[in-house]
Amino acid sequence: MSFERIENARGGRLAADEAAASCRLLTWLADAFWDVPSAWLASEFPDGEAGLLASRLASMAQATACVEELFHADEDALRAARVEYTALFCSTDDGAPFPYESVYHTQERLLMRPSRDDVVACYEAAGYRPAQGDGNEPEDHLSIQLRFLAALTAVEGGIADARVALADMSSEEARRMREDFAAEHVRSWLPRFSEEVEARARSPLYPALTALAVELTELLACKSDRSHREDV
(Lines give C-alpha, C1' and ligand atoms only; values in the text may rest on other atoms or scores of the structure.)
Protein backbone atom coordinates (compact mmCIF):
# COMPACT_ATOMS: atom_id res chain seq x y z
CA MET A 1 0.00 0.00 0.00
CA SER A 2 1.44 3.38 -0.97
CA PHE A 3 1.65 6.40 1.31
CA GLU A 4 -1.08 8.02 -0.78
CA ARG A 5 -3.34 5.08 0.00
CA ILE A 6 -2.22 5.19 3.63
CA GLU A 7 -3.45 8.77 3.84
CA ASN A 8 -6.79 7.83 2.31
CA ALA A 9 -7.24 4.73 4.47
CA ARG A 10 -5.76 6.34 7.61
CA GLY A 11 -3.10 3.67 7.84
CA GLY A 12 -2.07 0.36 6.35
CA ARG A 13 0.74 -1.84 5.22
CA LEU A 14 3.82 -0.17 3.77
CA ALA A 15 4.87 -1.04 0.24
CA ALA A 16 8.32 -2.60 0.00
CA ASP A 17 10.09 0.58 -1.10
CA GLU A 18 8.30 2.65 1.54
CA ALA A 19 9.14 0.14 4.25
CA ALA A 20 12.79 0.18 3.20
CA ALA A 21 12.85 4.00 3.16
CA SER A 22 11.18 4.24 6.57
CA CYS A 23 13.52 1.63 8.04
CA ARG A 24 16.66 3.41 6.84
CA LEU A 25 15.44 6.83 7.94
CA LEU A 26 14.45 5.53 11.38
CA THR A 27 17.85 3.87 11.77
CA TRP A 28 19.65 7.04 10.75
CA LEU A 29 17.61 9.18 13.15
CA ALA A 30 18.36 6.68 15.92
CA ASP A 31 22.07 7.14 15.24
CA ALA A 32 21.64 10.93 15.19
CA PHE A 33 20.13 11.00 18.68
CA TRP A 34 22.48 8.37 20.11
CA ASP A 35 25.79 10.22 19.97
CA VAL A 36 27.38 13.55 19.08
CA PRO A 37 27.20 14.51 15.39
CA SER A 38 29.99 13.72 12.97
CA ALA A 39 30.87 14.05 9.31
CA TRP A 40 30.29 10.30 9.04
CA LEU A 41 26.74 10.67 10.33
CA ALA A 42 26.01 13.35 7.74
CA SER A 43 27.53 11.22 4.98
CA GLU A 44 25.25 8.31 5.92
CA PHE A 45 22.03 10.32 5.56
CA PRO A 46 19.72 8.27 3.31
CA ASP A 47 19.16 10.83 0.55
CA GLY A 48 17.28 8.51 -1.77
CA GLU A 49 14.91 7.33 0.92
CA ALA A 50 14.43 10.91 2.10
CA GLY A 51 13.37 11.84 -1.41
CA LEU A 52 10.84 9.00 -1.52
CA LEU A 53 9.23 10.16 1.74
CA ALA A 54 9.56 13.91 1.19
CA SER A 55 6.03 14.38 -0.16
CA ARG A 56 4.58 12.90 3.05
CA LEU A 57 6.88 14.70 5.52
CA ALA A 58 6.82 18.50 5.45
CA SER A 59 9.88 18.76 7.70
CA MET A 60 12.07 16.72 5.36
CA ALA A 61 13.36 19.72 3.39
CA GLN A 62 14.62 21.55 6.48
CA ALA A 63 16.14 18.40 7.94
CA THR A 64 17.93 17.62 4.67
CA ALA A 65 19.30 21.16 4.47
CA CYS A 66 20.63 20.95 8.03
CA VAL A 67 22.30 17.61 7.36
CA GLU A 68 23.87 19.01 4.19
CA GLU A 69 25.25 21.90 6.24
CA LEU A 70 26.64 19.43 8.78
CA PHE A 71 28.30 17.45 5.99
CA HIS A 72 30.18 20.56 4.80
CA ALA A 73 30.95 21.86 8.29
CA ASP A 74 34.51 22.77 9.20
CA GLU A 75 36.07 21.68 12.47
CA ASP A 76 34.81 24.71 14.39
CA ALA A 77 31.24 24.23 13.18
CA LEU A 78 31.37 20.51 13.91
CA ARG A 79 32.68 21.21 17.40
CA ALA A 80 29.81 23.64 17.97
CA ALA A 81 27.31 20.98 16.85
CA ARG A 82 28.79 18.52 19.33
CA VAL A 83 28.56 21.07 22.12
CA GLU A 84 24.92 21.63 21.17
CA TYR A 85 24.19 17.90 21.36
CA THR A 86 25.75 17.65 24.80
CA ALA A 87 23.97 20.74 26.10
CA LEU A 88 20.61 19.47 24.90
CA PHE A 89 20.67 15.76 25.65
CA CYS A 90 23.36 15.22 28.30
CA SER A 91 22.60 18.14 30.59
CA THR A 92 21.82 17.80 34.29
CA ASP A 93 19.39 20.71 34.02
CA ASP A 94 15.91 19.63 35.12
CA GLY A 95 14.39 21.45 32.18
CA ALA A 96 16.61 19.84 29.55
CA PRO A 97 14.94 17.75 26.83
CA PHE A 98 15.93 14.30 28.07
CA PRO A 99 15.40 11.66 25.35
CA TYR A 100 13.53 9.14 27.51
CA GLU A 101 9.83 8.38 27.52
CA SER A 102 9.61 8.04 31.33
CA VAL A 103 10.64 11.66 31.82
CA TYR A 104 7.50 12.82 30.01
CA HIS A 105 5.13 10.59 31.96
CA THR A 106 6.12 11.69 35.46
CA GLN A 107 5.70 15.10 37.04
CA GLU A 108 9.15 14.76 38.61
CA ARG A 109 10.70 13.90 35.19
CA LEU A 110 12.20 10.66 36.47
CA LEU A 111 13.83 7.78 34.63
CA MET A 112 12.96 4.07 34.89
CA ARG A 113 9.25 4.61 35.56
CA PRO A 114 6.34 2.28 34.63
CA SER A 115 6.23 3.55 31.04
CA ARG A 116 9.76 2.19 30.60
CA ASP A 117 8.56 -1.17 31.90
CA ASP A 118 5.76 -1.13 29.31
CA VAL A 119 8.31 -0.45 26.59
CA VAL A 120 10.43 -3.39 27.77
CA ALA A 121 7.32 -5.60 27.66
CA CYS A 122 6.78 -4.61 24.02
CA TYR A 123 10.36 -5.54 23.17
CA GLU A 124 10.05 -8.87 24.94
CA ALA A 125 6.78 -9.67 23.16
CA ALA A 126 8.55 -9.14 19.85
CA GLY A 127 11.69 -11.03 20.86
CA TYR A 128 13.68 -7.82 20.47
CA ARG A 129 16.93 -7.34 22.38
CA PRO A 130 17.87 -3.67 22.28
CA ALA A 131 21.46 -2.53 22.14
CA GLN A 132 21.83 -0.25 25.17
CA GLY A 133 25.42 0.86 24.64
CA ASP A 134 28.31 1.00 27.07
CA GLY A 135 26.28 3.16 29.43
CA ASN A 136 23.44 0.63 29.57
CA GLU A 137 20.91 3.26 28.52
CA PRO A 138 17.30 2.74 29.66
CA GLU A 139 15.20 0.95 27.09
CA ASP A 140 12.87 3.91 26.58
CA HIS A 141 15.65 6.08 25.10
CA LEU A 142 14.47 7.67 21.85
CA SER A 143 17.15 5.98 19.75
CA ILE A 144 16.24 2.53 21.06
CA GLN A 145 12.56 3.14 20.37
CA LEU A 146 13.33 4.32 16.82
CA ARG A 147 15.46 1.24 16.19
CA PHE A 148 12.60 -0.95 17.37
CA LEU A 149 10.26 0.76 14.92
CA ALA A 150 12.89 0.22 12.22
CA ALA A 151 13.04 -3.48 13.08
CA LEU A 152 9.26 -3.82 12.90
CA THR A 153 9.16 -1.94 9.62
CA ALA A 154 11.86 -4.23 8.21
CA VAL A 155 9.83 -7.32 9.10
CA GLU A 156 6.65 -5.73 7.76
CA GLY A 157 8.33 -5.04 4.42
CA GLY A 158 10.11 -8.38 4.22
CA ILE A 159 13.51 -6.69 4.45
CA ALA A 160 16.55 -8.75 5.41
CA ASP A 161 18.44 -6.57 7.90
CA ALA A 162 21.33 -7.96 9.91
CA ARG A 163 20.96 -5.14 12.46
CA VAL A 164 17.62 -6.35 13.74
CA ALA A 165 16.47 -9.63 15.21
CA LEU A 166 12.86 -10.30 16.10
CA ALA A 167 10.88 -13.36 17.06
CA ASP A 168 9.16 -15.32 14.33
CA MET A 169 6.66 -12.64 13.40
CA SER A 170 4.46 -12.28 10.34
CA SER A 171 4.37 -9.12 8.27
CA GLU A 172 0.84 -8.45 9.49
CA GLU A 173 1.84 -8.87 13.14
CA ALA A 174 4.77 -6.51 12.62
CA ARG A 175 2.49 -3.92 11.02
CA ARG A 176 0.07 -4.00 13.93
CA MET A 177 2.85 -3.77 16.49
CA ARG A 178 4.44 -0.93 14.52
CA GLU A 179 1.17 1.01 14.57
CA ASP A 180 0.55 0.34 18.26
CA PHE A 181 4.07 1.06 19.50
CA ALA A 182 4.35 4.27 17.48
CA ALA A 183 0.95 5.47 18.70
CA GLU A 184 1.03 4.37 22.33
CA HIS A 185 4.66 5.01 23.15
CA VAL A 186 6.74 7.17 20.80
CA ARG A 187 3.92 9.53 19.89
CA SER A 188 2.92 9.90 23.54
CA TRP A 189 6.03 11.94 24.39
CA LEU A 190 8.03 12.83 21.28
CA PRO A 191 6.06 16.01 20.40
CA ARG A 192 6.74 17.50 23.85
CA PHE A 193 10.38 16.49 23.60
CA SER A 194 10.54 18.21 20.21
CA GLU A 195 9.04 21.40 21.64
CA GLU A 196 11.66 21.46 24.39
CA VAL A 197 14.46 20.91 21.87
CA GLU A 198 13.19 23.78 19.75
CA ALA A 199 12.96 26.07 22.77
CA ARG A 200 16.53 25.39 23.94
CA ALA A 201 18.52 24.78 20.76
CA ARG A 202 20.80 27.47 19.41
CA SER A 203 21.14 25.98 15.94
CA PRO A 204 18.48 24.53 13.61
CA LEU A 205 19.90 20.99 13.37
CA TYR A 206 18.19 19.23 16.27
CA PRO A 207 14.86 21.07 16.02
CA ALA A 208 14.77 19.94 12.38
CA LEU A 209 15.61 16.32 13.24
CA THR A 210 13.13 16.10 16.09
CA ALA A 211 10.41 17.61 13.88
CA LEU A 212 11.18 14.97 11.26
CA ALA A 213 11.05 12.20 13.87
CA VAL A 214 7.67 13.48 15.07
CA GLU A 215 6.23 13.49 11.55
CA LEU A 216 7.59 10.06 10.67
CA THR A 217 6.26 8.61 13.91
CA GLU A 218 2.86 10.15 13.26
CA LEU A 219 2.79 8.49 9.85
CA LEU A 220 3.80 5.11 11.26
CA ALA A 221 1.21 5.41 14.04
CA CYS A 222 -1.69 5.66 11.57
CA LYS A 223 -4.08 2.84 12.29
CA SER A 224 -5.46 0.57 9.59
CA ASP A 225 -9.17 0.03 9.35
CA ARG A 226 -8.89 -3.39 10.94
CA SER A 227 -12.64 -4.00 11.24
CA HIS A 228 -13.04 -3.33 7.53
CA ARG A 229 -10.20 -5.74 6.76
CA GLU A 230 -11.85 -8.45 8.81
CA ASP A 231 -15.20 -7.94 7.07
CA VAL A 232 -13.74 -8.20 3.57
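Structure: see above.
Residues numbered from 1 in each chain as written. Predicted model: local features only at pLDDT ≥ 70, side-chain atom pairs only at ≥ 80, totals over all residues. Heavy atoms only, no water.

Peer 1: Would you mind going over the overall build of the protein with me for this structure?
Peer 2: Across its full length, the protein holds 11 helices and 0 strands. The 232 residues of the protein split such that 48% are buried. Nonlocal contacts in the protein, meaning residues at least 24 apart in sequence, comprise 69% of its contacts between residues at least 6 apart. In the structure as shown, the protein presents an accessible area of about 11,200 Å², 49% of it carried by carbon and sulfur atoms. (Helix = DSSP H or I, 4+ residues; strand = E, 2+ residues; numbered from the N terminus. Buried < 20%, exposed > 50% of the residue type's maximum accessible area, 1.4 Å probe, protein only. Contact = heavy atoms within 4.5 Å. Areas by Shrake-Rupley, 256 points an atom, 1.4 Å probe, with all protein chains shown as cover.)

Peer 1: Explain the side chain of Thr210 here, please?
Peer 2: Take Thr210: it is sitting in helix 10 (residues 205-220). For Thr210, the residues in contact, after removing those within four places along its chain, are Phe33, Phe193, Ser194 and Val197.

Peer 1: What am I meant to see in the packing of helix 7 (residues 114-126) against helix 8 (residues 142-156) here?
Peer 2: Packed helices, taken two at a time, are described by the angle their axes make and the gap between the axes. Direction vectors running N to C along helix 7 and helix 8 enclose 30°, while the axes themselves pass 12 Å from each other. Compared by their axis directions, helix 7 and helix 8 come out roughly parallel. For the element pair helix 7 and helix 8, the recorded crossing hand is left-handed. Contacts between helix 7 and helix 8 involve Val119, Cys122, Tyr123 and Ala126 from the first element and Ile144, Gln145 and Phe148 from the second. A class-by-class count of the residues in the contact of helix 7 with helix 8 yields 6 nonpolar, 1 polar and no charged. (Axes fitted to C-alpha atoms, helices over the stretch in contact; angles between N-to-C directions. Parallel < 35°, antiparallel > 145°, perpendicular 65-115°, else oblique. Left-handed = near helix turned anticlockwise from the far one by under 90°. Nonpolar A, V, L, I, M, F, W, Y, C, P; charged D, E, K, R; others polar.)

Peer 1: Would you mind showing me how to read the nonpolar core here?
Peer 2: In globular proteins that are soluble, nonpolar side chains generally tend to be buried together. Leu25, Leu29, Phe33, Tyr206 and Leu209 are the most contacted members of the largest nonpolar core, which has 66 residues in total. The element contributing the most residues to this core is helix 2 (residues 16-34), with 10 residues. The contact partners of Leu29, leaving out residues within four places of it in the chain, are Leu146, Leu209, Leu212, Ala213 and Leu216. (Core = buried A, V, L, I, M, F, W, Y, C linked by side-chain atoms within 4.5 Å.)

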